[in-house]
Amino acid sequence: RRPPPAARRPAAVEQALGAGDVELAARIVYRHHSRMVLSGQIATLERWIDSFPPGSCDSDGLLALSAGWAALSTGRATDLRHHLDVARGLELDGPLPDGTQRFELACTALEMISAFDGVKGTARNAQMLVDAGEQAGPWAVLARSQLAVATSMLDDADHRELFAAAEVATRAQPGVHAVTIAQLAVCEVRDGDVAAGDRFAEAAVEELADHDLSAYPLVAIVFCAASLTAALVGDRRRSRERGADGE
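Quick summary incoming for the structure in this document. These numbers were taken from a predicted model, which means no experiment stands behind them.

At their nearest, the axes of helix 11 (residues 194-210) and helix 12 (residues 220-232) sit 8 Å apart, and the two run at 145° to each other. Relative to helix 12, the crossing made by helix 11 is left-handed. Together, Val194, Gly197, Asp198, Ala201, Glu202, Ala204, Val205 and Leu208 of helix 11 and Val222, Phe223, Ala225, Ala226, Thr229, Ala230 and Leu232 of helix 12 make up the contact between the two elements. Classifying every residue of the contact of helix 11 with helix 12 by side-chain character gives 11 nonpolar, two polar and two charged.

See below:
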């Protein structure tokens with residue numbers, strides 16, 4: 001099995017840093033960081049960032065965002081807030097190397113997923129990215145899933161259509177897609193169709209396994225949903241296993 005493209009490109013980062021071109025090296029990292037984040041290649045991303053001179057993350061907006069996503073993925077909330085604050089305090093002309101057209105939108109994506117502004121803030125940021133469409137680059141797809149989740153938490157309406165639309169929109173991003181399917185599983189449970197919910201949850205678990213994402217911290221909700229649905233259909237053994245998988 002060949003490693004993903006991002007994992008095969010450390011030489012380009014090393015060469016740029018070796019030539020003293022920190023800005024170019026940061027652009028190379030940023031070009032690949034969204035794919036690395038969404039595919040769970042966080043250890044590789046952190047190695048790239050650690051190879052930069054001290055203080056680089058506090059002066060380069062792209063590197064600050066990349067470091068912020070790495071911190072998010074490893075549960076370092078203080079570092080995440082710091083990197084996000086740094087990025088928000090910098091300016092950078094677009095388009096960006098990952099296809100995002102404006103630096104502001106890239107900052108909004110990290111702010112959205114950080115949820116520092118609560119559910120309403122997440123919904124607001126997600127809507128901004130959804131409205132931006134292709135200008136939001138790789139984050140537009142993630143925003144659709146986040147918008148559905150945040151909106152469903154703000155009121156008691158049936159948001160099945162939002163999740164169904166997000167399921168279609170996220171099919172190219174397995175981790176995000178699996179989380180969206182898990183949310184659909186919860187919708188089915190709420191509507192009283194526990195068996196359908198269990199099928200959705202198990203499909204999400206299978207998708208993670210197929211793409212080697214089961215150990216990725218940001219998809220733990222999939223195993224929570226699968227543990228719940230397994231318990232509701234009376235399969236206690238599987239419920240315990242799914243719960244353990246999400247730890």
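Tracing the sequence through the fold places glycine 118 in helix 7 (residues 118-132). For glycine 118, a relative accessible area of 31% translates into the label partly exposed. Sequence spacing of glycine 118 and alanine 150 is 32 residues, and the spatial spacing of their C-alpha atoms is 9.2 Å.

Attention now goes to the side chain of aspartate 98. Mapping aspartate 98 onto the fold places it in the loop between helix 5 (77-88) and helix 6 (103-114). We note that aspartate 98 is buried and unpaired, the nearest opposite charge coming from arginine 27 at a distance of 8.6 Å. There is a polar contact of 3.5 Å between the side chain of aspartate 98 and the side chain of tyrosine 30.

Cut-offs applied
Residues numbered from 1 in each chain as written. Predicted model: local features only at pLDDT ≥ 70, side-chain atom pairs only at ≥ 80, totals over all residues. Heavy atoms only, no water. Axes fitted to C-alpha atoms, helices over the stretch in contact; angles between N-to-C directions. Helix = DSSP H or I, 4+ residues; strand = E, 2+ residues; numbered from the N terminus. Left-handed = near helix turned anticlockwise from the far one by under 90°. Contact = heavy atoms within 4.5 Å. Nonpolar A, V, L, I, M, F, W, Y, C, P; charged D, E, K, R; others polar. Buried < 20%, exposed > 50% of the residue type's maximum accessible area, 1.4 Å probe, protein only. Lys, Arg positive; Asp, Glu negative; His and termini not counted. Salt bridge = Lys/Arg side-chain N within 4 Å of Asp/Glu carboxyl O. Polar contact = N/O pair within 3.5 Å; in protein donor to acceptor, adjacent residues only side chain to side chain.

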